[in-house]
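# Examining the three-dimensional arrangement
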Amino acid sequence: MLLLQVPAIDTTANSLSATTAAQPQTLQLFDLVAKGGWVMIPIAFLLFSALYLIFERFFVIRSQSRYDANFIDNIRDMVAQGNIKSAESFAKNQRTAMGRVFEKAIGRIGSPIREIEGTIETVGQIELSRLERNMGYLGIIAGIAPMLGFIGTISGIIRIFYDISLSDNISVGIIAGGLYEKMITSGSGLIVGVIAYTGYHLLNMMIERFTLALEVNAFEFIEVLQKPTTEPARMR
């Protein structure tokens, strides 16, 4: 009877250990970023810089490029009635890039048309430069961030093979484990580069729309100034 007694096997514990071993390890975002090494610090700095520039320029461009659809019509009516000072005050009160351009142009009424056109072009270029301020940094970030990521990956690969040469042990686990950590920098750099590149071109699209609107309004404004000189000629 004693020989027939077999100790009970703890199947519950074995199944739990097997289940635990079978479960894949999950990577937390912070742990994943930390494995990237020192290169992640400048990449993180570039990310926050890109986000700050994108949001700062977006709100500035949106506020400064807005204008009333009837803006040029109101100025045309005031100029046609001879209310030059009212038209100048109206443009000044807009407190936008469009308003400042036409404030200077209205102040030049009475000068030759070419001088007024030159004023619109000069002031327009100044206002466009203000809208584009610091946007060049986004282009720099879009180029530098992926390069920093590749530098981190290459330096990590060099370190991996250096360790292999010292230990004289070529193991797939060692190579893969170290390699995936170093590829994190490449992925992070590419993500930051895409964010900066996308933001740069979206902001440029906003500025291009404003530039087109400025050119259309300038053309209509010059036509308003030319009408008093052309209409009497037709009557003769």
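Residues numbered from 1 in each chain as written. Predicted model: local features only at pLDDT ≥ 70, side-chain atom pairs only at ≥ 80, totals over all residues. Heavy atoms only, no water.

## Quick notes on the nonpolar core
- In terms of nonpolar packing, the biggest core is built from 46 residues, with Ile75, Phe102, Ile120 and Phe221 touching the most fellow members.
- Elements supplying a minimum of two residues to this core: helix 3 (40-65), helix 4 (71-80), helix 5 (84-93), helix 6 (97-107), helix 7 (113-131), helix 8 (135-167) and helix 9 (172-235).
- If one sorts the elements of this core by residue count, helix 9 sits on top with 14 residues.
- Beyond its immediate stretch of four places on either side in the chain, Ile75 contacts Phe90, Ala91, Phe102, Ile106 and Phe221. (Core = buried A, V, L, I, M, F, W, Y, C linked by side-chain atoms within 4.5 Å. Buried < 20%, exposed > 50% of the residue type's maximum accessible area, 1.4 Å probe, protein only. Helix = DSSP H or I, 4+ residues; strand = E, 2+ residues; numbered from the N terminus. Contact = heavy atoms within 4.5 Å.)

## Some remarks on the packing of aromatic side chains
- With the rule as written, the count across this model stands at four aromatic pairs.
- Through a chain of ring-to-ring contacts, the aromatic side chains of Phe71, Phe90, Phe102 and Phe221 assemble into a single cluster. (Phe/Tyr/Trp six-rings, centres within 6.5 Å; stacked < 30°, edge-to-face > 60°.)

## Thoughts on the packing of helix 5 against helix 6
- Where helix 5 contacts helix 6, the two axes come as close as 7 Å, and the packing angle between them is 160°. Classified by the interaxial angle, the pair formed by helix 5 and helix 6 is roughly antiparallel. Helix 6 is crossed by helix 5, and the crossing has left-handed handedness. Note on element contacts: helix 6 touches helix 5 through Gly99, Arg100, Phe102, Glu103, Ile106 and Gly107, opposite Ile84, Ala87, Glu88, Ala91 and Lys92.
- Across the contact of helix 5 with helix 6, the residue classes tally to five nonpolar, two polar and four charged. (Axes fitted to C-alpha atoms, helices over the stretch in contact; angles between N-to-C directions. Parallel < 35°, antiparallel > 145°, perpendicular 65-115°, else oblique. Left-handed = near helix turned anticlockwise from the far one by under 90°. Nonpolar A, V, L, I, M, F, W, Y, C, P; charged D, E, K, R; others polar.)

Interpretation in functional terms is not warranted from these geometric data alone.
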